[in-house]
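The chain contents come next:
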Amino acid sequence: MVKYLKSIKYLFVALLLTQLTGCGINTIPTLDEQVNADWAQVQNNYQRRADLIPNLVATVKGYAAHEKDTLTAVTEARSKVSSMQVTPETLNNPEAFKKFEAAQGQLSSALSRLMVVSERYPELKANQQFIALQAQLEGTENRIAVARRDYINSVKAFNTEIRTFPGRLWRWAMYSDLKIKPNFTATTPNADVAPKVEF
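Just so it is clear, the structure is predicted and the values come from calculations on it, not from any experiment. (Residues numbered from 1 in each chain as written. Predicted model: local features only at pLDDT ≥ 70, side-chain atom pairs only at ≥ 80, totals over all residues. Heavy atoms only, no water.)

Undergrad: Which parts of the structure should I look at to understand the overall build of the protein?
TA: Along the protein, the regular secondary structure elements total 7 helices and 0 strands. Secondary structure elements of the protein, listed N to C terminal, follow the sequence α-α-α-α-α-α-α. Split into buried and exposed, the 199 residues of the protein put 33% on the buried side. For the protein, the proportion of contacts with a sequence separation of at least 24, taken over those separated by at least 6, is 79%. (Helix = DSSP H or I, 4+ residues; strand = E, 2+ residues; numbered from the N terminus. Buried < 20%, exposed > 50% of the residue type's maximum accessible area, 1.4 Å probe, protein only. Contact = heavy atoms within 4.5 Å.)

Undergrad: Looking at this structure, how should I read the packing of helix α2 (residues 27-63) against helix α4 (residues 94-119)?
TA: Two numbers describe a pair of packed helices, the interaxial angle and the distance between the axes. The contact between α2 and α4 brings their axes to 12 Å, and the two run at 35 degrees. Note on packing geometry: the crossing formed by α2 with α4 is left-handed. Contacts between α2 and α4 pair W39, Y46, R49, I53, L56, V57 and V60 from the former with F97, F100, E101, Q104, L107, S108, L111, L114 and M115 from the latter. Its residues placed into classes, the contact of α2 with α4 shows 12 nonpolar, 2 polar and 2 charged. (Axes fitted to C-alpha atoms, helices over the stretch in contact; angles between N-to-C directions. Left-handed = near helix turned anticlockwise from the far one by under 90°. Nonpolar A, V, L, I, M, F, W, Y, C, P; charged D, E, K, R; others polar.)

Undergrad: Explanation requested: helix α6 (residues 128-163) in the structure shown.
TA: An α-helical turn contains 3.6 residues, so a residue and the one three or four places further along point in the same direction. With 36 residues, α6 extends 52 Å between its outermost C-alpha atoms, agreeing within 8% with the 52 Å of an ideal straight helix rising 1.5 Å per residue. One side-chain oxygen of the residue at the start of α6 lies 2.8 Å from the amide nitrogen of Q129, identifying that residue as N127. (Expected span 1.5 Å × (residues − 1). Polar contact = N/O pair within 3.5 Å; in protein donor to acceptor, adjacent residues only side chain to side chain.)

Undergrad: Would you take a moment to explain the layout of surface pockets for this structure?
TA: Here the idea is plain: a probe the size of a water molecule rolls over the atoms and shows the empty space left. The volume enclosed by the second largest pocket comes to roughly 160 Å³. In terms of lining, the second largest pocket is formed by Q43, Y46, Q47, A50, V81, S82, M84, V86, F100 and Q104. With 4 residues, the single largest contributor to the lining of the second largest pocket is α2. Looking at the lining of the second largest pocket, its residues break down into 6 nonpolar, 4 polar and no charged. (1 Å grid on protein atoms, 1.4 Å probe; cavity = no way out; pocket = protein on both sides within 12 Å on 5 of 7 lines; lining within 4 Å. Points joined across faces, edges and corners; volume = space filled by probe spheres on them.)

Undergrad: Please clarify how helix α3 (residues 68-83) should be interpreted in this entry.
TA: Between its first and last C-alpha atoms α3 spans 22 Å; for 16 residues at 1.5 Å apiece the expected length is 22 Å, and the two agree. What α3 keeps buried is the set T70, L71, A73, V74, A77 and V81. Angularly, the buried residues of α3 cover 160 degrees about the axis, an arc narrow enough to put them on a single face. Facing away from the buried side of α3 by over 90 degrees, the exposed positions are K68, D69, E76 and S83. (Arc of directions from axis to C-beta.)

Just distances and angles here, no functional claims.
Next up, the structure:
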């Protein structure tokens, strides 16, 4: 009889463990790690852009030295972005996240102005170094857009999991320290308004 009870006990424990492995207990930390990995990829692409900017500015300087305001704006925006400390807590602090995104938006705006300046200088547009840097920067902007999209999808999956059943129960029981992750918002003023194209 004792042997029979032990067998039932082991069977019960094995059944319980089997149920726990498929119940979603690991879903929340898995999704949290995915959010962190996708955020790291966003930062990686921001860093790539920041590393390209000094070369781009130096190339433009040689041709358009009197466009000092634009060059200064790009340099200052890059400096501001570089000086911001981005920690894992940034993802859990909506205010810090907004500040970081605003700084990135200022840098994007300054780079756009720099590209417009380059249109005024045909000899700059023909410079091989400038063409290569411009192509790299455009590619980086595309990578940033893709990385941000992936981050947005990860945040959506994570936030949905901790706000719906059974993830909500697991969060309450085991992961109460995990907060809803902030998402990207448009940082450019009037980004929701379509630009007017005039010829």
